[in-house]
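Residues per chain are reported as follows:
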Amino acid sequence: MELIVITWILCVLVMTDGCCVGRVGHGDSAACPRIISRAEWGARPPTEESSHLPDLLPMLFVHHSAMAECEDQEACSQAVRDIQDLHMDGNGWWDIGYSFLIGGDCNIYEGRGWNIQGAHTGGFNTEGYGVCFMGNFMDHNPSTGAIAAYHSLASCMVEEEKISREYQMYGHRQTKPPGATECPGDVLYATIQEWEGWTEGNISELKQ
């Protein structure tokens, strides 16, 4: 009962854009937000097994899908399925590439998930998780609720020791030669430069 009350209070405190982004627990930790599981959004099974990632990874990467935005769980679940189809059928990958995705409904969706190597940031997939905001953010930001969900997820990663407390966060374009990609969108890229962990510079020459 106490957990329910605390969760409700957190939701009231951070309710924005019609979304509750309070932390409701993940696994054994109350430090993490709810994550919509692969089963819940209707994921296809991977065609191959991905490599394992260790804890305390040094980096975190921010992306946008450059596809349609979504405003509720039904539409966002379809958007995640569309991205998975693109990655598997179009790119020839064995699963969706991102580690986690965030919708305009302020929910976080499991991609490849914890401790599983993604296919989101070429040359750096062994170095960190890739978090994708669903939508095209060249000329506007994600909703404030979606941004709050990102911060909650990043804090969870630190508290659960999935990434280092001194993690370096980059926009996807910082990992490519200049001009190679617009990801995560011009406006969102300017915004993330004010966020915890953002690190200046282009690191494309450091690719593994």
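Residues numbered from 1 in each chain as written. Predicted model: local features only at pLDDT ≥ 70, side-chain atom pairs only at ≥ 80, totals over all residues. Heavy atoms only, no water.

**Quick look at the pairing of strand S2 (residues 57–64)**
Inference 1: Most of S2 is tucked away, with 7 of its 8 residues classed as buried.
Inference 2: Taken together, the 6 bridges between S2 and strand S5 (residues 128–133) define a ladder with parallel strand orientation. Looking across to S5, one finds that His63 is bridged to Cys132. (Buried < 20%, exposed > 50% of the residue type's maximum accessible area, 1.4 Å probe, protein only. Helix = DSSP H or I, 4+ residues; strand = E, 2+ residues; numbered from the N terminus. Pairing = 2+ DSSP bridges.)

**Examining the packing of aromatic side chains**
Inference 1: In total, this model carries 9 aromatic pairs according to the counting rule given.
Inference 2: Note on Phe133 and Tyr150: the rings are 6.0 Å apart at their centroids and 35 degrees apart in plane angle, and the pair reads as tilted. In this pair, Phe133 sits in strand S5 while Tyr150 sits in helix H4 (residues 144–159), placing the two residues 17 residues apart along the sequence. Comparing Phe133 with Tyr150, the two get one shared label, buried. (Phe/Tyr/Trp six-rings, centres within 6.5 Å; stacked < 30°, edge-to-face > 60°.)

**Overview of the side chain of Ser164**
Inference 1: Relative to the elements of secondary structure, Ser164 occurs in strand S6 (residues 163–171).
Inference 2: Reaching out from Ser164, the side chain makes a polar contact with the backbone nitrogen of Glu166 at a distance of 3.0 Å.
Inference 3: Once residues within four sequence positions are removed from consideration, Ser164 is found in contact with Leu56, Leu57 and Val158. (Polar contact = N/O pair within 3.5 Å; in protein donor to acceptor, adjacent residues only side chain to side chain. Contact = heavy atoms within 4.5 Å.)

**Considering the sheet that holds strand S4 (residues 108–110)**
Inference 1: One open sheet holds the 6 strands; their spatial order is S1-S4-S3-S5-S2-S6, and the pairing between them is mixed. A strand with exactly one partner marks an edge of an open sheet, and here the two such strands are strand S1 (35–36) and S6.
Inference 2: As judged from the 3 bridges shared by strand S3 (residues 100–102) and S5, these two strands associate in the parallel manner. The residue bridging Ile102 from the neighbouring strand is Phe133, located in S5.
Inference 3: Relative to the sheet, helix H3 (residues 73–90) contacts S1, S3 and S4, its axis offset from that of S4 by approximately 40 degrees.
Inference 4: Across the face of the sheet, H4 comes into contact with S1, S2, S3, S4, S5 and S6 while running at roughly 145 degrees to S6. (Axes fitted to C-alpha atoms, helices over the stretch in contact; angles between N-to-C directions.)

**Digging into the side chain of His87**
Inference 1: By secondary structure assignment, the location of His87 is in helix H3.
Inference 2: Since its relative accessible area comes to 6%, His87 is described here as buried.
Inference 3: What His87 contacts, discounting residues up to four positions off in sequence, is Gly92, Trp93, Asp95, Ile96, Gly97 and Tyr98.

**Let's talk about the state of the cysteines**
Inference 1: The full count for this structure, using the stated rule, is 2 disulfides.
Inference 2: Residue Cys32 pairs covalently with Cys156 via a disulfide, S to S 2.0 Å. Judged by the sign of its S-S torsion, about 80 degrees, the bond between Cys32 and Cys156 is right-handed. Taken together, the residues span a long stretch of sequence, with Cys32 in the loop between helix H1 (2–14) and S1 and Cys156 in helix H4 at a distance of 124 residues. Of the two residues, Cys32 and Cys156, both sit in the buried class.
Inference 3: Here Cys70 is linked by a disulfide to Cys76, with a sulfur-sulfur distance of 2.1 Å. Taking the torsion about the S-S bond as the criterion, the Cys70 to Cys76 disulfide, at about 100 degrees, is right-handed. (Disulfide = S-S within 2.5 Å.)

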